[in-house]
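Commentary on secondary and tertiary structure
The residues making up each chain are set out below.
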Amino acid sequence: MTFAEQTAGLTVRYQRRTPQLQSLVEDVGVVLAGRGGARMLRILNIRLSRCTVLSQLMRVPLPPLETPRVLGGGG
C-alpha cells in the first residue's frame, strides 16, 4: 500500500494533476479545444491526448447565466 499526505493547495485527493496544472489544462482546453490544446500543451512539455483535453474541457462548469435587466433599445 502507498499512503500520501494531502497538502492543501498542492494536491487534491484522487487527482493525477496538481491544481495549478489542472487549471492550465482547462484554460488551454477552453481556448484551443482538442488537437490545438494538445499541441500547445506538448510545447509546454505536458503530454496529453486531444481526448483528455476535451474530457477536461467538458468538466469545466459553465459560467452563471445573467438575466438582462432591460430588453430592447430606447429609441
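One can find the structure itself at the top, above this paragraph.
Throughout what follows, the structure given in this document is the object of discussion. (Residues numbered from 1 in each chain as written. Predicted model: local features only at pLDDT ≥ 70, side-chain atom pairs only at ≥ 80, totals over all residues. Heavy atoms only, no water.)

This part covers the overall build of the protein. Broken down by element type, the protein carries 2 helices and 0 strands. Computed over the C-alpha atoms, the radius of gyration of the protein is 18 Å, more than 25% above the 11 Å expected from 2.2 N^0.38 for a compact globule of 75 residues. Seen through its C-alpha atoms, the protein measures out along the principal axes to roughly 70 × 30 × 15 Å. Long-range contacts, defined here as pairs at least 24 residues apart, represent 29% of the contacts in the protein between residues at least 6 apart. Accessible surface, the protein as shown: approximately 6,600 Å² in total, 58% of it carbon and sulfur. Across the protein, 10 positive and 4 negative side-chain charges occur, with their mean positions spaced 14 Å apart. (Helix = DSSP H or I, 4+ residues; strand = E, 2+ residues; numbered from the N terminus. Rg over C-alpha atoms; globule rule 2.2 N^0.38 Å. Contact = heavy atoms within 4.5 Å. Areas by Shrake-Rupley, 256 points an atom, 1.4 Å probe, with all protein chains shown as cover. Lys, Arg positive; Asp, Glu negative; His and termini not counted. Charge placed at Lys NZ, Arg CZ, Asp CG, Glu CD.)

Moving on, we get to the packing of helix α1 (residues 19-43) against helix α2 (residues 50-59). For the pair α1 and α2, the least separation of the axes is 8 Å and the interaxial angle reads 140°. In terms of their interaxial angle, α1 and α2 are classed as oblique. Handedness of the crossing formed by α1 with α2: left-handed. Side by side, α1 and α2 meet where Gln22, Val25, Glu26, Gly29, Val30, Ala33, Gly34, Arg35, Gly37, Ala38 and Leu41 of the first sit next to Arg50, Val53, Leu54, Gln56 and Leu57 of the second. For the contact of α1 with α2, the class distribution of residues is 8 nonpolar, 5 polar and 3 charged. (Axes fitted to C-alpha atoms, helices over the stretch in contact; angles between N-to-C directions. Parallel < 35°, antiparallel > 145°, perpendicular 65-115°, else oblique. Left-handed = near helix turned anticlockwise from the far one by under 90°. Nonpolar A, V, L, I, M, F, W, Y, C, P; charged D, E, K, R; others polar.)

With that settled, the discussion passes to a nonpolar patch on the surface. On the surface, a nonpolar cluster with roughly 640 Å² of combined accessible area is contributed by Leu24, Val30, Val31, Leu32, Met40, Ile43 and Leu44. With respect to the element layout, Leu24 can be found in helix α1. (Patch = residues over 30% accessible without salt bridge, like charges linked within 9 Å, V, L, I, M, F, W, Y side chains within 5 Å. Salt bridge = Lys/Arg side-chain N within 4 Å of Asp/Glu carboxyl O.)

The terminal C-alpha atoms of α1, which comprises 25 residues, lie only 20 Å apart, well short of the 36 Å expected from a rise of 1.5 Å per residue. Where α1 bends most, at Ala33, the angle is about 125°. All of the buried residues in α1 are Gln22, Val25, Val28, Gly29, Gly34, Gly37, Ala38 and Leu41. Contact partners of the buried residues in α1: α2. Taken from the residues just after α1, Asn45 is the one with a positive phi, measuring 65°. (Expected span 1.5 Å × (residues − 1). Bend = angle between axes of the 7 residues up to and from the residue. Buried < 20%, exposed > 50% of the residue type's maximum accessible area, 1.4 Å probe, protein only.)

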